[in-house]
Amino acid sequence: MKFFYFISLIASAGYLLAFLPKLRTQREPVAYWGCWTYLAANAIFWAIYGIRYYL
């Protein structure tokens, strides 16, 4: 399960890196903002996880 989780995380970051240079009108807004939301939620989750379990 963790394997697929990290694959989706890498795919989300890859999508942003691939389509970030495009003009704002050529991007798919739902996928673009969805990837940013997903990456932000992961950053918050791992920060809380790290604070709770490693400190």
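One can find the structure itself at the top, above this paragraph.
Now for a description of the structure that goes with this document. (Residues numbered from 1 in each chain as written. Predicted model: local features only at pLDDT ≥ 70, side-chain atom pairs only at ≥ 80, totals over all residues. Heavy atoms only, no water.)

The residue Leu 23 is located in the loop between helix H1 (2-19) and helix H2 (29-54) in this model. Between the C-alpha atoms of Leu 23 and Tyr 49, which are 26 residues apart in sequence, the distance is 36 Å. (Helix = DSSP H or I, 4+ residues; strand = E, 2+ residues; numbered from the N terminus.)

Here the focus is the side chain of Ser 12. Relative to the assigned elements, Ser 12 resides in helix H1. Using a relative accessible area of 6% as the deciding quantity, one classes Ser 12 as buried. The contacts of Ser 12, once residues within four sequence positions are left out, are Cys 35, Tyr 38 and Leu 39. (Buried < 20%, exposed > 50% of the residue type's maximum accessible area, 1.4 Å probe, protein only. Contact = heavy atoms within 4.5 Å.)

Before going further, it helps to spend a moment on H1. Across its 18 residues, H1 extends 26 Å between first and last C-alpha, which sits within 8% of the 26 Å expected from 1.5 Å per residue. Buried residues belonging to H1 abut H2. (Expected span 1.5 Å × (residues − 1).)

The terminal C-alpha atoms of H2, which comprises 26 residues, lie 37 Å apart, in line with the 38 Å expected from a rise of 1.5 Å per residue. Residues Tyr 32, Cys 35 and Asn 42 constitute the buried set of H2. As for H2, its buried residues are in contact with H1.

Here we come to the packing of H1 against H2. The relative placement of two packed helices comes down to the angle between their axes together with the axis-to-axis distance. Contact geometry of H1 with H2 gives a least axis separation of 9 Å together with a crossing angle of 130 degrees. As the angle between them shows, H1 and H2 are arranged oblique. In terms of crossing hand, the pair formed by H1 and H2 is left-handed. On the side of H1, the interface is formed by Tyr 5, Phe 6, Ser 8, Leu 9, Ser 12, Ala 13, Tyr 15 and Leu 16, while H2 contributes Ala 31, Tyr 32, Cys 35, Trp 36, Tyr 38, Leu 39, Asn 42, Phe 45 and Trp 46. (Axes fitted to C-alpha atoms, helices over the stretch in contact; angles between N-to-C directions. Parallel < 35°, antiparallel > 145°, perpendicular 65-115°, else oblique. Left-handed = near helix turned anticlockwise from the far one by under 90°.)

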